[in-house]
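Chain by chain, the residues:
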Amino acid sequence: MEALLTSSIPSKTLSLPFPIQAPYLRPLPAIHSVSIRERTSTTRRRAGRVHRIPLVRASASSSSTETVTAVSEIPAKMKAWVYDDYGAADLLRLDEGISVPEVKEDQVLIKVVAAALNPVDYKRRQGKFKATDSPLPTVPGYDVTGVVVKVGSQVKNLKVGDEVYGDINEKALENPKQFGSLAEYTSVEEKLLALKPKNIDFVQAAGLPLAIETANEGLERSGFSAGKSILVLGGAGGVGSLVIQLAKHVFGASRVAATASTGKLDLLKSLGADLAIDYTKENFEELPEKFDVVYDTVGQCEKAVKAVKEAGSVVVLTGAVTPPGFRFVVTSDGAVLSKLNTFIEDGKIKPVVDPKGAFPFSKLVEAFTYLETGRATGKVVIHPIP
């Protein structure tokens, strides 16, 4: 599925200093050329009218098992995962007759190649945000990466054939899209997307948008800047692993500490942590060292406030908030992703994909069940998508 580039690119994947059965950071396959053609002579009759449909062909050869499916024309129906009521993961069902979303003037239609799961996905499915949710039935999914196959009339920068990634919901909890990314196609506002970084594959890219935007916005809201120290609770998780890297390599932290279980301490150090704390053996709140910012991704704010300096900040993503802790709802923004692409392509920020590897589209229920255990390392990704 790697495309656009005509020569192989050296892997930017981080080499971990400990043996693992499957890589936390996926090795980058060689990237080969992709050919994309548009043909306006292809037509379709619909509702008594003939519509011209662009013909997009994408081809890639690689040692990777990934391939981009050629799109000869945009179908009327697609495969998508759906839930009709709120509840457990076993309510999800695969529906092969979902209508392909319409494209508004400011949107593009994406042929989805990979998608990633986030805690907000299952909390939404459990009905925790039903007061501000879109109507049921719902096709879940926030994170997406894929290929643009159609553009709205007001789209200015993206074009058919572009490889893009992004979080499809501008505000995670405010009327999120009824038709999400866990489908063959999804429609997204151009302003929420960025071009996929050239040096990573679709699986790696899928796991970045919501997590890296959350990590970045939390650091900005906390007033974090060069020379400050930070403690990251849950440093091996999807957001936590990116907070470590952003704080160290983008914001210029003087010292980064992070917590994880025993088997993940080397991962924390590999990502840039100066101090890796084993939460199974140490109580971080009892350490004499205090931090300018504590970034709590696991819901331990009551303890986190004991580890922050006076006049410091505590960023809280889940659980009860104790002052001076604060919570925020992330804003999806393609411009932020575009800014951070530079650091990704320079190898300063590296996606962390769970060592189980990507779950196939058919195994979505199993993927959600695994995510909900709270034991995932980095991101849980769904790929390939038909």
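Each chain carries its own residue numbering, running from 1 in the direction its sequence is written. Thresholds applied to this predicted model are a pLDDT of at least 70 for local features of residues and 80 or more for the giving and counting of side-chain atom pairs; totals over whole chains, interfaces and linings are not thresholded and use all residues. Hydrogens are left out, water is left out, and the side-chain values use all remaining heavy atoms of the structure.

*Asks:* I keep staring at helix α4 (residues 240-249) and nothing clicks. Help me out?
*Replies:* Residues spaced three or four apart along an α-helix face the same direction, because each turn holds 3.6 residues. For each residue, the accessible area found with a 1.4 Å probe, counting protein chains only, is set against the maximum for its type, and the residue is called buried under 20%, exposed over 50%, and partly exposed in between. Numbering of helices and strands starts at the N terminus; helices are DSSP runs of H or I of at least 4 residues and strands are runs of E of at least 2. Of all the 10 residues making up α4, eight are buried; the element is thus mostly covered by neighbouring parts of the structure. Listing the buried residues of α4 in full gives G240, S241, L242, V243, I244, Q245, L246 and A247. We call two residues contacting when some pair of their heavy atoms lies within 4.5 Å. On its buried face, α4 is in contact with α3 (209-221), β10 (229-233), β11 (255-260), α5 (265-271), β13 (291-296) and α7 (334-345).

*Asks:* Would you mind showing me how to read unusual backbone geometry here?
*Replies:* Apart from glycine, the bulk of residues carry a negative phi angle, and the bulk of peptide bonds sit in the trans form. Cis geometry marks the peptide bond from L136 to P137, where omega comes out at -5°. On the secondary structure map, P137 appears in the loop between α1 (119-125) and β6 (143-151). Even without a glycine there, the phi angle at N175 is positive, about 50°. In this structure, N175 sits in the loop between β7 (163-167) and β8 (185-189). The backbone of A311 sits at a positive phi, close to 70°, despite the residue not being glycine. The topology assignment puts A311 in strand β14 (residues 308-316). According to the relative accessible area criterion, A311 is exposed, its value standing at 81%.

*Asks:* Got a minute to help me understand the environment of A206 in this structure?
*Replies:* The residue A206 is located in helix α2 (residues 202-206) in this model. For A206, a relative accessible area of 0% corresponds to the buried category. For the pair formed by A206 and V353, sequence separation is 147 residues and the distance between their alpha carbons is 9.5 Å. Those residues in contact with A206 that sit more than four places away from it in its chain are A114, A115, A116, D143, T145 and V381.

*Asks:* Which parts of the structure should I look at to understand the nonpolar core?
*Replies:* The nonpolar side chains of a soluble globular protein tend to be buried, and buried together. Take the buried Ala, Val, Leu, Ile, Met, Phe, Trp, Tyr and Cys residues and link them wherever side-chain atoms come within 4.5 Å; each set so joined is a nonpolar core. By size, the foremost hydrophobic cluster in this structure holds 42 residues, and its most contacted members are I212, I230 and L268. Put simply, the parts of the chain that give this core at least two residues each are α3, β10, α4, β11, α5, β13 and α7. Apart from the residues within four sequence positions on either side, I230 is in contact with L219, F224, V243, A247, R255, V256, A257, F291, V293 and Y295. Counting residues in hydrophobic clusters, the runner-up holds 32 residues, among them A89, V112, F359 and I382.

*Asks:* Hey, could you run me through the packing of α3 against α4 in this one?
*Replies:* Two quantities define a packed helix pair, namely the angle between the helix axes and the distance between the axes. In this description, a line fitted to the C-alpha atoms serves as the axis of each element, helices being fitted only across the stretch in contact, and the angle between N-to-C directions of two axes falls anywhere from 0 to 180 degrees. Axis separation between α3 and α4 bottoms out at 9 Å; the angle between their running directions is 50°. Here α4 runs oblique to α3, going by the angle between their axes. Judged by the twist between their axes, the crossing of α3 over α4 is right-handed. Here α3 contributes A211, I212, A215, N216 and L219 to the contact with α4, which in turn contributes L242, V243, L246 and A247. Counted by class, the contact of α3 with α4 contains eight nonpolar, one polar and no charged residues. Orientation is classified from the angle alone, with under 35 degrees giving roughly parallel, over 145 giving roughly antiparallel, 65 to 115 giving roughly perpendicular, and any other angle giving oblique. Crossings are assigned a handedness: left-handed for a near helix turned anticlockwise from the far helix by less than a right angle, right-handed for a clockwise turn. Only Asp, Glu, Lys and Arg are considered charged, only Ala, Val, Leu, Ile, Met, Phe, Trp, Tyr, Cys and Pro nonpolar, and every remaining residue, Gly among them, polar.

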